[in-house]
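Residues per chain are reported as follows:
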Amino acid sequence: MAKWESSSSSNLAFQLPQWMQIQLTEQKQEFNKRPGKIGRRSFSRSVSQSSTDSFSSAASESDSSDDEGTPRDKVQKNSKGNSDFSIKNIKQADFGRREIEIAEQEMLALVALRKRAQGEKPLVGAKIVGCTHITAQTAVLIETLAALGAQCRWAACNIYSTQNAVAAALAEAGFSVFAWKGESEDDFWWCIDRCVNLEGWQPNMVLDDGGDLTHCIYKKYPHVFKKIKGIVEESVTGVHRLYQLSKAGKLCVPAMNVNDSVTKQKFDNLYCCRESILDGLKRTTDVMFGGKQVVVCGYGEVGKGCCFALKALGCIVYVTEIDPICALQACMDGFRLVKLSEIIRNVDIVITCTGNKNVVRREHLDRMKNGCMVCNMGHSNTEIDVASLRMPDLTWERVRSQVDHIIWPDGKRIILLAEGHLLNLSCSTVPTFVLSITATTQALALIELYNAPEGRYKQDVYLLPKKMDEYVASLHLQTFDAHLTELTDDQARYLSLNKNGPFKPNYYR
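Going by an unreviewed UniProt entry, the protein chain carries the name Adenosylhomocysteinase and comes from Clupea harengus. UniProt's Function (unreviewed entry) comment on the protein chain is quoted here verbatim: "Catalyzes the hydrolysis of S-adenosyl-L-homocysteine to form adenosine and homocysteine. Binds copper ions." In its Catalytic activity (unreviewed entry) section, UniProt records this for the protein chain: "S-adenosyl-L-homocysteine + H2O = L-homocysteine + adenosine".

**Student:** Quick question: what am I supposed to make of the overall build of the protein chain here?
**Tutor:** The secondary structure content of the protein chain amounts to 19 helices and 17 strands. In the protein chain, 71% of the contacts between residues at least 6 apart in sequence involve partners at least 24 apart. On the protein chain, roughly 22500 Å² of surface is accessible, and the fraction owed to carbon and sulfur atoms is 50%.

**Student:** It is not clear to me how the pairing of strand β16 (residues 413–417) should be interpreted in this structure. Could you clarify?
**Tutor:** Residues in a regular strand project their side chains so that they alternate between the two faces of the sheet. Burial analysis of β16 places 4 of its 5 residues in the buried class, which makes it a mostly covered element. Strand direction decides the pairing type here: strand β13 (residues 373–376) and β16, joined by 2 bridges, are parallel. If you follow M373 over to β16, its bridge partner there is I415. Two strands pair when backbone bridges link them, and strand β15 (residues 403–407) and β16 are joined in this way by 5 bridges, in the antiparallel orientation. Bridge pairing in β16 links V403 to L417. Between β15 and β16, which pair antiparallel in sequence order, lie 5 residues; one of them, G411, sits at a positive phi of approximately 100°.

**Student:** Could you clarify how one ought to interpret the UniProt feature "binding site: substrate" (unreviewed entry) in the protein chain in this entry?
**Tutor:** What UniProt calls "binding site: substrate" (unreviewed entry) maps, in this numbering, to T135, D209, E234, K264 and D268. Along the chain, T135 falls in the loop between β3 (127–132) and α6 (136–147). Classification of T135 as buried rests on a relative accessible area of 2%. Once residues within four sequence positions are removed from consideration, T135 is found in contact with S161, Q163, V166 and L425. Structurally, the position occupied by E234 is in the loop between β7 (230–233) and α10 (236–247). Not counting residues up to four positions away in its chain, the partners in contact with E234 are D208, D209, V258, N259, K264, D268, T438 and Q442.

**Student:** Help me understand the nonpolar core in this model?
**Tutor:** Soluble globular proteins tend to bury their nonpolar side chains together. By size, the foremost hydrophobic cluster in this structure holds 58 residues, and its most contacted members are L123, I128 and L145. If you list the elements that add at least two residues to this core, you get α4 (93–106), α5 (108–117), α6, β4 (151–156), α7 (164–172), β6 (205–208), α17 (432–451) and α18 (466–477). Per-element tally for this core: the top contributor is α17, with 10 residues. Not counting residues within four places of it along the chain, the set of residues in contact with L123 comprises I128, L145, L148, G149, A150, L446, I447 and Y450. The next biggest cluster of nonpolar side chains, apart from the first, holds 32 residues, and it includes C306, C307, L310 and L417.

**Student:** Even after reading the chapter, I still don't get the environment of V75, so can you show me in this structure?
**Tutor:** Tracing the sequence through the fold places V75 in the loop between α3 (62–65) and α4. Along the primary structure V75 and S86 are separated by 11 residues, whereas in three dimensions their C-alpha atoms are 7.7 Å apart.

**Student:** It is not clear to me how helix α8 (residues 185–196) should be interpreted in this structure. Could you clarify?
**Tutor:** Structural remark: α-helix, 3.6 residues per turn; residues separated by three or four positions point the same way. Between its first and last C-alpha atoms α8 spans 17 Å; for 12 residues at 1.5 Å apiece the expected length is 16 Å, and the two agree. Regarding α8, the residues found buried are D187, F188, C191, I192, D193, C195 and V196. Buried residues along α8 sit in contact with β3, β4, β5 (176–178) and α9 (212–220).

**Student:** Quick question: what am I supposed to make of the sheet that holds β4 here?
**Tutor:** Each strand in a sheet pairs with its neighbour through backbone hydrogen bonds, running either in the same direction (parallel) or in the opposite one (antiparallel). Pairing is parallel across the open sheet formed by 7 strands, whose spatial order is β5-β4-β3-β6-β7-β8-β17. Pairing within the sheet leaves two strands with one partner each, and these edge strands are β5 and β17 (461–463). In this sheet, adjacent strand axes meet at a mean angle of 20° when their direction is disregarded. One ladder, built from 4 bridges, connects β3 with β6; its direction is parallel. Among the inter-strand pairings, I128 is bridged to a residue of β6, identified as M205. Docked against the sheet, α6 engages β3, β4 and β6, running at close to 160° with respect to β4.

Reading guide: rules and limits
Residues numbered from 1 in each chain as written. Predicted model: local features only at pLDDT ≥ 70, side-chain atom pairs only at ≥ 80, totals over all residues. Heavy atoms only, no water. UniProt positions renumbered as here; feature names shortened; annotations may be inferred. Helix = DSSP H or I, 4+ residues; strand = E, 2+ residues; numbered from the N terminus. Contact = heavy atoms within 4.5 Å. Areas by Shrake-Rupley, 256 points an atom, 1.4 Å probe, with all protein chains shown as cover. Buried < 20%, exposed > 50% of the residue type's maximum accessible area, 1.4 Å probe, protein only. Pairing = 2+ DSSP bridges. Core = buried A, V, L, I, M, F, W, Y, C linked by side-chain atoms within 4.5 Å. Expected span 1.5 Å × (residues − 1). Axes fitted to C-alpha atoms, helices over the stretch in contact; angles between N-to-C directions.

Encoded structure:
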């Protein structure tokens, strides 16, 4: 497996395993393959028949969820008689399978990784418990991990983002999935508990998105950490929690910080949000963007993506920021930097992207104008103080799925989307190709932690090696028929670089 030339965590020289050392010409042959006539017909049928299903799974399934009992109350079985799952409706499995097949068309790099590594099966013996968004893209990742030898049990990290048909397809394929769109808070923790607490099965790897799974194990099942070899975390919220545990000396196992990897920050956070912010707002409110005044709270990669997209459609965009570096970037990109209190009376849309808590408080909500839309693009639902809106003086009125009017005594109303949860995955979908980059990074991080010899990683939080970041990027270049320039020997010596990389130092972000 992957090797390091030095055991020092501050200066690790990463060496790719044999199966990852791929020549670009080989990649090109892989990506240039086209399906035959049967494959084309199948894909065409999937697109035409599943396009509406995709909208339904992303935006409309919760409409019926209130009318039926919780899936916790009923026992379902797949076609093989297995009942170790809890989902909305196993009968949706065929539709979910088509969704997954469509996602695979845009996740060719992850599929290529699956094909190249499954001969070695680097995850044989791995028992992975996961808590992420359960979408078609995540399903491709889960099935890739299984193809590489892992056993998987999965719950959702967000109560609104699960695509029910995809969860059904995974359950039909034999995966233990506990998730449905529109879970209650109690359902959410029950699903995580069912993933972890199974007699005769104990996880040895954790894949988390937000830190709730790690928190649950730490609080309820601390003995499980004795068998766990590592945690892979992809969100800013979850990474913050890991660093807090590490600082307090309470982190029991090594953890890989995927959120701050270059492939996550520069692609998923930026490009994914640049496209999905518009999709989420359009699907829920049918808003016309031209001329709207919008304030975006936070100018990290997520905030940048949102601002660029909104500006391109004619919005007047303001930015709030605590970091002077990000603030200066916003100013030089042409956005006006303000305090939220200065602009809150005038804006039409408020978007939070900070990963912090109580960014939009009741004092701001009280001063918003009639019809102002409020939503969150950060992982956690703590950025908007929704609890302050659940007071006797205010009235909640459900408009449609994920859209609520909050009405003040004087008749003023604001529009709250997804009750402050993550807008794009709660109210729409996200670009599959970008998620392929993140999913491939997660898979490699799991492989590295699981196969690392004892002592390579301490009980601390680690960043992804640059060589692995570059490998993930190279896998995806062939989708664009891109051709990398190669350094000459003389150029490589001049820059003191290996011709095959890494081309950036470990501190590069």
